[in-house]
Amino acid sequence: MQIQNLRKSFGNLEVLKDINFEVNKGEVICIIGPSGSGKSTLLRCLNLLEEPDEGNILFNVSEKDEAVTEEWDLTSPDTDLNKLRTKIGMVFQSFNLFDNKNVIDNCTLGQLKVLDRSKEEAEDLAKDLLDQVGMSDFLYAPVSSLSGGQKQRVAISRALAMQPDIMLFDEPTSALDPEMVGDVLNVMRKLANSGMTMVVVTHEMEFAREVADRVVFMDDGYILEQGNPENIFTKPNHKRTQEFLRRVLHKR
């Protein structure tokens, strides 16, 4: 995925200012920065939940034969949004599950409606994914009965059930009680180790340092600095990066 000269405003407030970076296949990118810096808006632009005002997002989509790829410009009016969102999985901080359905129905609905899979195929895949995140005992539990950490693991399984090329995570632990954060981060670590391409907006600095291939620091709508975690966390170049990390790493 290549992001080129991306801009986004809400009224007179310019939230993204000439954003340029790329996401390579199999790479884990963590986006960090203060509140209001544009991190979540950038992530939402990557699957067109927010429509950019300017710029391009180029995305190489794999077909069933992984040797075959097709390049999409996500900002083109010809882009098929339904097909796009099967290729770009999204996990939200507020889960966005269907609370009136049970766990397995949440993980099969998209497969049945969008991918046109058989019920048996959809349920088999959902059960496998839910097992991988430790939710096998809750297949038929109402979502409304789950804890926050359990809901987030279901949300990750639901996104993976669409077999996307890339996964986007928008502060997936920010709505969780502290004791539940570790379970979700462990699921994400396993996913990263499996080779999934991931872009993660996070305030979990230890996770970013441990798991990311590249850390991107944003402030006031700009990408001010990016690099490997060791460089960003131990010898950041930009003054704002230094100030931000000093504040968040020493408040514990």
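Residues numbered from 1 in each chain as written. Predicted model: local features only at pLDDT ≥ 70, side-chain atom pairs only at ≥ 80, totals over all residues. Heavy atoms only, no water.

- As recorded in an unreviewed UniProt entry, the chain goes by Glutamine transport system ATP-binding protein and comes from Haloplasma contractile SSD-17B.
- Quoted verbatim from the Subcellular location (unreviewed entry) field of UniProt, the annotation for the chain is "Cell membrane". (UniProt positions renumbered as here; feature names shortened; annotations may be inferred.)

1. Some words on the overall build of the chain
Turning to step 1, where the next piece is worked out: Of the regular secondary structure elements, the chain holds nine helices and ten strands.
Turning to step 2, where the next piece is worked out: Relative to the compact-globule value of 18 Å for 252 residues, the chain shows a C-alpha radius of gyration of 18 Å, a close match.
Turning to step 3, where the next piece is worked out: Taking the principal axes of its C-alpha atoms as reference, the chain extends roughly 55 × 45 × 35 Å.
Turning to step 4, where the next piece is worked out: Classification of the 252 residues of the chain by burial places 52% in the buried group.
Turning to step 5, where the next piece is worked out: The contacts in the chain between residues at least 6 apart in sequence include a share of 64% that link residues at least 24 apart.
Turning to step 6, where the next piece is worked out: Counting only carbon and sulfur atoms, one obtains 43% of the accessible surface of the chain, whose full area is about 12300 Å².
Turning to step 7, where the next piece is worked out: If you average the places of the 29 positive and of the 41 negative side-chain charges in the chain, the two averages end up 5 Å apart. (Helix = DSSP H or I, 4+ residues; strand = E, 2+ residues; numbered from the N terminus. Rg over C-alpha atoms; globule rule 2.2 N^0.38 Å. Buried < 20%, exposed > 50% of the residue type's maximum accessible area, 1.4 Å probe, protein only. Contact = heavy atoms within 4.5 Å. Areas by Shrake-Rupley, 256 points an atom, 1.4 Å probe, with all protein chains shown as cover. Lys, Arg positive; Asp, Glu negative; His and termini not counted. Charge placed at Lys NZ, Arg CZ, Asp CG, Glu CD.)

2. Overview of the packing of aromatic side chains
Turning to step 1, where the next piece is worked out: Taken as a whole and assessed by the stated rule, the structure comprises one aromatic pair.
Turning to step 2, where the next piece is worked out: Taking the centre distance of 5.4 Å and the plane angle of 45° together, the rings of Phe217 and Phe244 count as tilted. Here Phe217, found in strand E9 (residues 214-219), pairs with Phe244, found in helix H9 (residues 239-249); they are 27 residues apart in sequence, far enough to count as distant.
Turning to step 3, where the next piece is worked out: Overall, Phe217 belongs to the buried group, its relative accessible area being 0%.
Turning to step 4, where the next piece is worked out: Looking at Phe244, the relative accessible area reads 5%, which means it is buried. (Phe/Tyr/Trp six-rings, centres within 6.5 Å; stacked < 30°, edge-to-face > 60°.)

3. A short note on the nonpolar core
Turning to step 1, where the next piece is worked out: Core analysis: the largest hydrophobic core is formed by 51 residues, its most contacted members being Ile156, Met167, Phe169, Met188 and Met198.
Turning to step 2, where the next piece is worked out: For this core, the leading source of residues is helix H6 (residues 178-193), giving eight residues.
Turning to step 3, where the next piece is worked out: With residues near it in sequence (within four places) discarded, Met198 still touches Glu27, Val28, Ile29, Met167, Phe169, Met188, Leu191 and Ala192. (Core = buried A, V, L, I, M, F, W, Y, C linked by side-chain atoms within 4.5 Å.)

4. Details of helix H4 (residues 119-132)
Turning to step 1, where the next piece is worked out: With 14 residues, H4 ought to run about 20 Å at 1.5 Å a step, and its terminal C-alpha atoms sit 20 Å apart, in line with that.
Turning to step 2, where the next piece is worked out: Within the sequence span of H4, burial applies to Ala122, Glu123, Leu125, Ala126, Leu129 and Leu130. Along the axis of H4, the buried residues cluster in a sector spanning 165°; they form a single face.
Turning to step 3, where the next piece is worked out: Phi turns positive one or two residues past the end of H4, at Gly134, with a value near 75°. (Expected span 1.5 Å × (residues − 1). Arc of directions from axis to C-beta.)

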